[in-house]
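Okay, here's what each chain looks like letter by letter:
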Amino acid sequence: MSGPRIGVVGATGAVGTITLELLAERGYDVRAFASARSAGSRLPFGDDEIVVEEATPEALSAGDVDLFLFSVGTGASRELVPIASAAGAICIDKSSAYRLVDGYPLVVPEVNAHRALEALERDRIVANPNCCTIPLTCVLKPLHDVVPLKRVYVATYQSVSGAGAQRMEQLRAEPSADHNLVMDWSWEGDESDEESKLRAETRKILELPDLAISATCVRVPVLVGHSEAIWVEFEEPLSPGDATAILTDAPSVRVLRIPEVPTPKDAAGGDEVLVGRIRKDEGSVNGLALFLSCDNLRKGAALNAIQIADVLLAGVAAA
Ligand SMILES: NC(=O)c1ccc[n+]([C@@H]2O[C@H](COP(=O)([O-])OP(=O)(O)OC[C@H]3O[C@@H](n4cnc5c(N)ncnc54)[C@H](OP(=O)(O)O)[C@@H]3O)[C@@H](O)[C@H]2O)c1
C-alpha cells in the first residue's frame, strides 16, 4: 500500500474504534496500538482485521509511522506523544495534554485549519479539542464572522460514550442503572473541568481571549451524541433568519427547521453538526438561542482528528 502510514494509539477505545473505521473507509495504511492489556488482540479493519501492538516507546519511535492519532487519555499522552514526536512523526492528540499549552495549535479545521500547519515548524504536535468545543466552534465561528459575539451561555447534554468504551458497555449491559443525569467530571472549585475546558478551548480556537462564555456540563443516559443548548448575545442585532442563512452555508453544519429538531439519535453515525431551534432569545438584547447535536466520537473526536491529519499531510506534501 502506498501513501502515509498512520498509527492509531488507543485503537481499542471508544474513539480508537471509530478512528479505525474512518481510516479503513479512506484506504489508509494503518497500525493499531493500545496498552499491554490488548496487545495481540485483533480488531476489525474494513473487510479485514488488524493486530493490536503494545504502544511501547520502542514501537512509537521506530520511525516507520508518518503520523500518529492518539486517543489514550491525558497521562498516557504526556508520556507517549513526545516519544513519537522526537522520532519525527506528526502527532495529533485527543487528550487534554496539549490543548491549552501555549505554542500548541488547537484545531477545528473548519475554523482554524491554518493553525495546524504551524506545528510543522515546531515539534509536529497538534491538539484536538474537547468533544463539546468542536461543534460549538463550528457554529459560533461563522456567526461571529458576520456579527461579533458578545456573550455565550451553553448547557450540555453529553452521552456516556464521551467517558469511554467501558461506560458504553455499562449502559448497554444495564440501561436502567444509568437513568440519571450525572456530573462525573473533576472539580476545579465550583466549576467542573469540563466547563472550564469548554470556555478556555473556545476562546483559544476563536482567538477571542476575553470572550464571556459560561457552561453547565451534564452527562445524560444516551449512548452516542452530545447536545448543547446555546444562548448567544451579539454586539449588534442578528435575526434568526440571517443566522439560519449563515449556518446553512457553514461547513460541516446542517440546519434543521421545525418540526425537525437536532437529536443525538439523528446525529449519531453522521459527520455533521445538526443545528436547529434557531430563535430570538427574548431574555437578552441582540440574543439568539440555538440547539445542536453532534456525534462526539466522529466530528467530536475521530473525524476532526483525521481532518487535521489531512491538512498536515497536504502541508507536508506541498513543502
Ligand atoms: N470519547 C469521546 O467522545 C472523546 C472525545 C474527544 C476526546 N476524547 C479523548 O480521547 C481519549 C480516549 O478516549 P476514549 O473515550 O476512546 O477512552 P477509552 O474508550 O477508555 O479508550 C482508551 C484507549 O487508550 C488505551 N490506553 C490507555 N492507557 C494506555 C497506555 N498507557 N498506553 C497505550 N494505550 C493506552 C486503551 O487501551 P486498552 O484497551 O489496552 O486499555 C484504549 O485503547 C481521552 O483522552 C479522551 O478525553 C474522547
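Conventions we followed
Residues numbered from 1 in each chain as written. Predicted model: local features only at pLDDT ≥ 70, side-chain atom pairs only at ≥ 80, totals over all residues. Heavy atoms only, no water. Near = heavy atom within 4 Å. Polar contact = N/O pair within 3.5 Å; in protein donor to acceptor, adjacent residues only side chain to side chain. Nonpolar A, V, L, I, M, F, W, Y, C, P; charged D, E, K, R; others polar. Domains from an automatic or database assignment. Contact = heavy atoms within 4.5 Å. Buried area = accessible area lost by both parts, 1.4 Å probe. Salt bridge = Lys/Arg side-chain N within 4 Å of Asp/Glu carboxyl O. Helix = DSSP H or I, 4+ residues; strand = E, 2+ residues; numbered from the N terminus. Buried < 20%, exposed > 50% of the residue type's maximum accessible area, 1.4 Å probe, protein only. Pairing = 2+ DSSP bridges. Axes fitted to C-alpha atoms, helices over the stretch in contact; angles between N-to-C directions. Lys, Arg positive; Asp, Glu negative; His and termini not counted. Parallel < 35°, antiparallel > 145°, perpendicular 65-115°, else oblique. Left-handed = near helix turned anticlockwise from the far one by under 90°. Phe/Tyr/Trp six-rings, centres within 6.5 Å; stacked < 30°, edge-to-face > 60°. Lys NZ or Arg CZ within 6 Å of the ring centre and 35° of its normal.

Some words on the site of the ligand
Working step 1: Near the ligand you find 28 residues, and of these Thr12, Ser35, Arg37, Ser38 and Ala165 are the closest.
Working step 2: Within the backbone of glycine 10, a nitrogen or oxygen atom sits 3.2 Å from an oxygen atom of the ligand.
Working step 3: In this structure, alanine 165 approaches the ligand through a main-chain N or O atom, which is 2.7 Å from an oxygen atom.
Working step 4: Tallied by class, residues from the shell around the ligand come to 12 nonpolar, 13 polar and 3 charged.
Working step 5: Mapped onto the domain boundaries, the shell around the ligand takes at least three residues apiece from domain 1 (5-129 + 300-318) and domain 2 (133-296).

Quick notes on the domain arrangement of the chain
Working step 1: As far as domains go, the chain holds domain 1 (5-129 + 300-318) and domain 2 (133-296).
Working step 2: Put simply, the middle of domain 1 and the middle of domain 2, counted by C-alpha atoms, are 25 Å apart.
Working step 3: Each partner contributes to the interface: domain 1 provides 21 residues, whereas domain 2 provides 22 residues.
Working step 4: Carbon and sulfur atoms supply 64% of the area buried between domain 1 and domain 2, which totals about 1,600 Å² over both sides.
Working step 5: Among the residues of domain 1 in contact with domain 2, Glu110, Val111 and Gly300 are the three that bury the most area, contributing 32% of the side total.
Working step 6: Taken together, the links from domain 1 to domain 2 amount to 2 salt bridges.

Some words on the pattern of salt bridges
Working step 1: For the coordinates displayed, the defined rule picks out 19 salt bridges.
Working step 2: Measuring nitrogen to oxygen at the nearest pair gives 3.5 Å for the salt bridge that ties arginine 298 to glutamate 21. Placement of the pair is arginine 298 in helix α10 (residues 298-318) and glutamate 21 in helix α1 (residues 14-25), with a sequence separation of 277 residues.
Working step 3: Judged by relative accessible area, which is 9%, arginine 298 ranks as buried.
Working step 4: Residue glutamate 21 is classed as partly exposed on the basis of its relative accessible area of 36%.
Working step 5: With a closest N to O distance of 2.4 Å, glutamate 118 and arginine 115 form a salt bridge. Residue glutamate 118 and its partner arginine 115 are located together in helix α4 (residues 109-118), separated by 3 residues, close to a single helical turn.
Working step 6: On the basis of relative accessibility, which here comes to 27%, the residue arginine 115 falls in the partly exposed class.
Working step 7: Connected via shared salt-bridge partners are Glu21, Asp271 and Arg298.

Topic: the sheet that holds strand β7 (residues 125-127)
Working step 1: Read across the open sheet, the 7 strands follow the order β3-β4-β2-β1-β5-β6-β7; overall the sheet is mixed. The two strands at the open ends of the sheet, each matched to only one other strand, are β3 (42-45) and β7. The mean inter-strand angle of the sheet, taken between neighbouring strand axes irrespective of direction, is 25°.
Working step 2: In this sheet, strand β5 (residues 67-70) lies alongside strand β1 (residues 5-9) in parallel orientation, the contact comprising 4 bridges. Residue valine 9 lies in a different strand from β5, and its bridge partner there is phenylalanine 70.
Working step 3: Against the sheet, α10 makes contact with β1, β5, β6 (90-93) and β7, and its axis sits at roughly 160° relative to β6, the strand it touches most.

Describing the side chain of aspartate 193
Working step 1: Inspection of the secondary structure puts aspartate 193 in helix α7 (residues 193-206).
Working step 2: There is no salt bridge for the buried aspartate 193, and the closest opposite charge comes from lysine 197, which lies 4.2 Å off by N-O distance.
Working step 3: With residues up to four places along the chain from it excluded, the contact list for aspartate 193 reads Trp185, Ser186 and Glu188.

Details of the sheet that holds strand β8 (residues 149-158)
Working step 1: Across the sheet, 6 strands lie side by side as β11-β8-β12-β15-β14-β13; this open sheet has mixed pairing. Each of the sheet's edge strands pairs with one partner strand only, and the pair in question is β11 (212-219) and β13 (253-255). Averaged over all pairs of adjacent strands, the angle between their axes in this sheet comes to 20°, without regard to strand direction.
Working step 2: Of the pairings in the sheet, the one linking β8 to β11 comprises 8 bridges and is parallel in character. The partner of valine 154 across the bridge, within β11, is alanine 215.
Working step 3: Its contacts with the sheet place α7 against β8 and β11, and it is angled at close to 135° to β11.

Side note on the packing of α4 against α10
Working step 1: Contact geometry of α4 with α10 gives a least axis separation of 10 Å together with a crossing angle of 45°. In terms of orientation, α4 lies oblique with respect to α10. Viewed along their axes, α4 and α10 form a crossing whose handedness is right-handed. The residues of α10 that touch α4, namely those facing Pro109, Glu110, Ala113, Ala116 and Leu117, are Lys299, Asn304, Gln307, Ile308, Val311, Leu312 and Gly315.
Working step 2: Here the contact of α4 with α10 is composed, by residue class, of 7 nonpolar, 3 polar and 2 charged.

Concerning the packing of aromatic side chains
Working step 1: Tallied over the full model, the rule gives 4 aromatic pairs.
Working step 2: Here the aromatic rings of phenylalanine 68 and phenylalanine 70 are separated by 5.7 Å at their centres, their planes lie at 40°, and the arrangement is tilted. Of the two residues, phenylalanine 68 and phenylalanine 70, neither departs from the other in class, the shared state being buried.
Working step 3: Ring pairs connect the aromatic residues Phe33, Phe68 and Phe70, which therefore count as one cluster.
Working step 4: One residue, arginine 122, lies across the ring of tyrosine 104, its end atom 4.8 Å from the ring centre.

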